Structures are given as C-alpha cells and as structure tokens.
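Coordinate analysis (summary)
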Amino acid sequence: MADPSEHRATPLPCCVEAPASYLPKARYALRMLLLPLGLEPRWVERAALAGGGLYYGTQPGGLPESVLALRLHPATAAYFDGATPYDPARVRWIDWDGERWPVLFGEPGRGEADLVASALFWLSGWQEVTTRERDPHGRFPHQASLQARLGTTLRPAVDACREVLAGRLAALGLPLHRRTWGTAAWACCPTHDVDYLRKWRKGMVYREVVEYPLRNLRRVVPAARARRFGRFVRDWLRPGDVYRQAFERMQHEVEQRGGTATFFLKTAAHGPNDVFYDPGDPYLRRRIAALEAAGFEVGLHPSYHAHTHPFYLEEERARLAAVTARAPVSVRQHFLRYEAPTTPRLQHAAGFRIDSTLGFAEHEGFRHATCLPFQLFDSIANRPLDVWEMPLALMESALFNRRALTPEAARQATETVLATCRRFGGAAVMLWHNVLWDELDHPGWGAHFVETLEAAVAAGAHLASLRAALSAWLGEEV
C-alpha cells in the first residue's frame, strides 16, 4: 500500500447554502467530487470564505474572487424533494476535452450547469429510485437508464463533471493531489463470481443426455446434435472438472502478472436460481487457503433472495467468515440483484465495507456514471452509508451472452472500458465467472480474460483485488 501521507487530503473550506432537505445531498455529492482530487471539504459558514474556498448555493454573488462560486437553482433542490423521473429534455451539454458531456441541472434558460446536482443524481442512484421499470429478476435494466437514452453508457458523466470542476479550482491556484492506486494512476480489478464448484452436476448431465440430443431444445439439425453429444462425452470423461480448473487457473493467470483478485463465494441457496455448495467442502477450503496465502481476497456472493432478506446476508457472511482467515468485507449480490436503499442498508448492517454489484447485467459501462469509488447513499434516510461502491464496469456474460458479441467485438468493447478508466484515473472492475476455458459452452471466454489482463498490465494498471485497490486509493486499510 502507498504511504498514507500521500493520500492525506487537503482541507478545502466549503459553504453550502441550501434547503434543509437538500443540504445532506449537496454535501455528499460535493465530497464525492472533491475526494479523488485530494481535497476534503471543511464545512464552514459563508463569512469563513474570506480567505478563499468553494461556495454552492442560491446566493453566489458578492463573494471574494478567491472563492469558486457554484449556483444552486431553487428548482433543482425542489426536484430532489420529489420522486419524478428525470426528463431527458432537460439535459444540457458542456464541452470538456474535445467532447460534449451531459449535465442534468442548472438555471433554466441561462446560467451555468450545476455540476454538483448532476453528480448527486448519478451517484445516489436517483434514477433507480424514481424509475420503477425492472427486468424479470427485479433488476434496473440498461434500456430504462438515462445513459441508454443519451448514448452515454460508456462515458462516465460524473468523472467529466469532476474534471471541469478541477479545472476551475486549479485556475484559482488551489493545489490538487489526485489519489492514485499505490504507484499507479489507475487500476484494474479482476473479480470472479463462483456460482458452481462443478460443471457436471446431475442436471447438466441430464441436459446433455436427454434435453439436447433427444428433445432438441437447441433446435438444431441431427448432425449438430451428434457433434454436441460427442463433445460432451469427451469433456465428461476427461480427468478433472472444467469449472474447478478455471477456478484454479484464474488465480494463476493473475498471479503470473503480479496482481491479486477478488473471488466471491456462495454459502447458501434459497431458491431455484441458487446452486448450493458447502463452504466447508475440503476442496473449497483448500482453494480458500491458497487464495488467502497469495494475498487474494475472498468475498461473499449471497444467495438470490439475500438482497432484500433481513437475515440472509448476516448468516451467509458468518458462514464464510468461519472458513476464511479474514472476515469478508466485499460483497456482490447474486444476479446483480440490488434494491436501494434496502440492499445497501442490509450490507452495512451485516458488516460489509465494499459492494461491487452496481453494473448493468446486459451491457458494459458505468451504471452510476463513474469509474471511481464512491460511498453509497441512502435516499430515504438522506445520508451516505459507510459502504464504498467499486462500480462494476464489465461482465463477460453481458458481452458474450446478452449482447452476443464476437470475440473481436468483445475485445474492442473491453478496450474502450479500459481506456476510459485509465483516462479518468479510475478502476476497471471486471467480472469473469469460473466457466472460463469451457470451450463447449463458453468458447473464447478464457482467451478474453487473459487478453484483458495483458492489456491492463501493458497500460500500467494496478492489478489488484477490490479490498487492496480501495485501501491503496484511500490510503487506509478497508
């Protein structure tokens, strides 16, 4: 980890004058914008800005020239008192680094864009609170997002707002000391959801022996069915299990490149979308010991219903803690099921410090419009939670299954995500399941994983687990 003194934030006098209900929201968003720049807000009254600082409120006039004054329009604060879905017609666009970026609030008809309120909308998940559309698994779908409508899924608007703010602060002579990931300017965090310990379970064998060749569920010609059956037999009879081999090889590939990763393991099953495996299984305990000995992180991958169940998260975390050397601090909900504010409240109550659920299940990109860590926000309690989000930017099944990309198209999509995270000094959090190198059902997925690691390392990324990466970025142990 980097020397904590390198990440010691510079206090910045900040005055926020806003309605009482909007004040905690504004302070949260402003802190999340400033923290990556090495600045920590010191909340003061207006009179204390005589020596300089930042003002955000409805009366920005009459302040010293050494103060960066940001205007809050009363209609903006009023919007966050309601539950009205955002109207895309309200979007205004600003120029930064040769591109146009969306900013969602500002004075109607004139005046500058409101960078703070825009960041608040995205980071707090406000669109998911006000938009009730969900997919069959209860997830907020990409197609319902404002990013999809604006065409900005791969362009993190919060990070662009921060850069605009940074430019204005630098123009006032304020020193910026951007947070880094140890000695690297950006990070790549490989993560792995272990949904199964074996491929050839009874149901899978039945599929290959009955459903595919006899019932023809794949709707293919007889020759294709015969080829599939032959490949199944060879795979079934060969020594070892492809999912276990992937479990082990994923660690090896990351280790070979000097990095670590986070493995999310299950400890319970409460429905048909869960496949149970015993956390006390001798094989799994050996794998956990090997991971922890190599400095890798073991986190919890909860059961399907745990994202809203009041007891499942605590019970399942306790079961994992019983077989690990360190109690898990990282969690990713199964199927990326997440319902705010219930899910983050339960995570906090269970003792988690890091979540990495907030990505789109069907598309790569930035669900909360950022590639940097941020604290989760409880919109009902109107306060941030002590849980940091390491936002999920890419999942291999979204590329290959949901979007049906070719290997080359998947590589290009991945390169775009990596380049964006590098551009903004963020973390490219990526998810691969332990189905890699299963060429029968997931051809090319293993190659995609290795190619992505190679590209990240070649571009200077800090290759690390979620816990190690966030600890390096914050300058303190998480």
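The rules behind these values
- Residues numbered from 1 in each chain as written.
- Predicted model: local features only at pLDDT ≥ 70, side-chain atom pairs only at ≥ 80, totals over all residues.
- Heavy atoms only, no water.
- Helix = DSSP H or I, 4+ residues; strand = E, 2+ residues; numbered from the N terminus.
- Rg over C-alpha atoms; globule rule 2.2 N^0.38 Å.
- Buried < 20%, exposed > 50% of the residue type's maximum accessible area, 1.4 Å probe, protein only.
- Contact = heavy atoms within 4.5 Å.
- pLDDT = per-residue confidence, 0-100.
- Phe/Tyr/Trp six-rings, centres within 6.5 Å; stacked < 30°, edge-to-face > 60°.
- Pairing = 2+ DSSP bridges.
- Axes fitted to C-alpha atoms, helices over the stretch in contact; angles between N-to-C directions.
- Polar contact = N/O pair within 3.5 Å; in protein donor to acceptor, adjacent residues only side chain to side chain.
- Salt bridge = Lys/Arg side-chain N within 4 Å of Asp/Glu carboxyl O.
- Parallel < 35°, antiparallel > 145°, perpendicular 65-115°, else oblique.
- Left-handed = near helix turned anticlockwise from the far one by under 90°.
- Expected span 1.5 Å × (residues − 1).

1. A closer look at the overall build of the protein chain
- Counting its regular elements, the protein chain contains 16 helices and 16 strands.
- For 478 residues, the compact-globule estimate of 2.2 N^0.38 gives 23 Å, and the protein chain sits close to it at 24 Å.
- Looking at the protein chain residue by residue over its 478 residues, the buried ones come to 57%.
- Pairs at least 24 residues apart make up 72% of the contacts formed inside the protein chain by residues separated by at least 6 positions.

2. Describing the confidence of the model for the protein chain
- Across the protein chain, pLDDT averages 95, with 98% of residues at or above 70.
- Within the model, pLDDT remains below 50 along residues 1-5, and this stretch shows 8 contacts once partners closer than five positions in the same chain are excluded.

3. Some details on the packing of aromatic side chains
- Counted under the stated rule, the structure contains 28 aromatic pairs.
- Here tyrosine 79 and tyrosine 86 contribute two aromatic rings whose centre-to-centre distance is 6.4 Å and whose plane-to-plane angle is 85°, an arrangement assigned as edge-to-face. The residues tyrosine 79 and tyrosine 86 share a single accessibility class, namely buried.
- Ring centres 5.1 Å apart and planes at 65° place the aromatic pair phenylalanine 80 and tryptophan 126 in the edge-to-face group. One end of the pair, phenylalanine 80, is in the loop between helix 2 (74-79) and strand 5 (92-96); the other, tryptophan 126, is in helix 4 (residues 126-130), and 46 residues separate them in sequence.

4. So, the pairing of strand 12 (residues 374-378)
- With 5 of 5 residues buried, strand 12 lies mostly within the body of the structure.
- Here 4 bridges tie strand 12 to strand 13 (residues 383-389), and the two strands are oriented antiparallel to one another. The residue of strand 13 that forms the bridge with aspartate 378 is arginine 383.
- Turn length for the strand 12-strand 13 hairpin, with the two strands adjacent in sequence and antiparallel, is 4 residues, and the turn residue asparagine 382 shows positive phi of about 65°.

5. Looking at unusual backbone geometry
- A cis amide bond links alanine 340 with the next residue in sequence, proline 341, at an omega value of 0°.
- Inspection of the secondary structure assignment puts proline 341 in the loop between strand 10 (330-331) and helix 12 (342-350).
- Non-glycine residue asparagine 216 carries a positive phi angle of around 55°.
- By secondary structure assignment, the location of asparagine 216 is in the loop between helix 7 (202-211) and helix 8 (222-237).
- At leucine 336, a position not held by glycine, the phi torsion is positive, near 55°.
- Its location among the elements puts leucine 336 in the loop between strand 10 and helix 12.

6. Quick notes on the sheet that holds strand 1 (residues 10-17)
- The strand order across the open sheet built from 4 strands is 2-1-3-4, with neighbouring strands paired in parallel fashion. In this open sheet, the two strands that pair with only one neighbour each are strand 2 (39-43) and strand 4 (67-71). If you compare each strand with its neighbour and ignore which way they point, the axes differ by 30° on average.
- Bridging between strand 3 (residues 53-57) and strand 4 involves 5 bridges; their strand directions are parallel. Following the sheet pairing, tyrosine 55 is matched in strand 4 by alanine 69.
- Against the sheet, helix 1 (residues 23-34) makes contact with strand 1, strand 2 and strand 3, and its axis sits at roughly 150° relative to strand 1, the strand it touches most.
- Here helix 6 (residues 157-171) sits on the sheet and contacts strand 2, strand 3 and strand 4; the angle it forms with strand 4, its principal contact strand, is near 145°.

7. A look at the side chain of arginine 317
- Along the chain, arginine 317 turns up in helix 11 (residues 312-321).
- Separated by 2.8 Å, the side chain of arginine 317 and the backbone oxygen of proline 328 make a polar contact.
- Only 3.4 Å separates the side chain of arginine 317 from the backbone oxygen of glycine 351, close enough to count as a polar contact.

8. Here's the deal with the pattern of salt bridges
- Within this structure, the stated rule accounts for 33 salt bridges.
- Across the pair arginine 132 and glutamate 339 runs a salt bridge whose closest N-O atoms are separated by 3.2 Å. Taken as a pair, arginine 132 in the loop between helix 4 and helix 5 (146-150) and glutamate 339 in the loop between strand 10 and helix 12 lie far apart in primary sequence, 207 residues in all.
- The residue arginine 411 makes a salt bridge to glutamate 408 at a minimum N-O spacing of 2.3 Å. Here arginine 411 pairs with glutamate 408, and both are found in helix 14 (residues 407-423), just 3 residues apart, close to one helical turn.

9. Things to note about the packing of helix 9 (residues 242-256) against helix 15 (residues 445-458)
- Running from N to C, helix 9 and helix 15 point in directions that differ by 20°, and their axes come no closer than 10 Å. As summarised for this structure, helix 9 and helix 15 are arranged roughly parallel, according to the angle between their axes. Every pair of crossing elements has a handedness; the one defined by helix 9 and helix 15 is right-handed. Packed against helix 9, whose contacting residues are Met250, Glu253 and Val254, the element helix 15 presents Phe449, Val450 and Leu453 at the interface.

10. Considerations on the side chain of arginine 162
- Examined against the element boundaries, arginine 162 turns out to sit in helix 6.
- Look at arginine 162 and you get buried, because its relative accessible area is 4%.

11. Side note on the pairing of strand 13
- With 2 bridges connecting them, strand 11 (residues 354-355) and strand 13 associate as parallel partners. Note that in strand 13 the partner of isoleucine 354 across the bridge is tryptophan 388.

12. Description of helix 14
- The first and last C-alpha atoms of helix 14 sit 24 Å apart over 17 residues, in line with the 24 Å expected at 1.5 Å per residue.
- At its buried positions, helix 14 is contacted by strand 7 (187-194), strand 14 (392-395), helix 13 (396-402), strand 15 (427-431) and helix 15.
- Looking one or two places after helix 14, you find glycine 425, whose phi comes out positive at around 65°.

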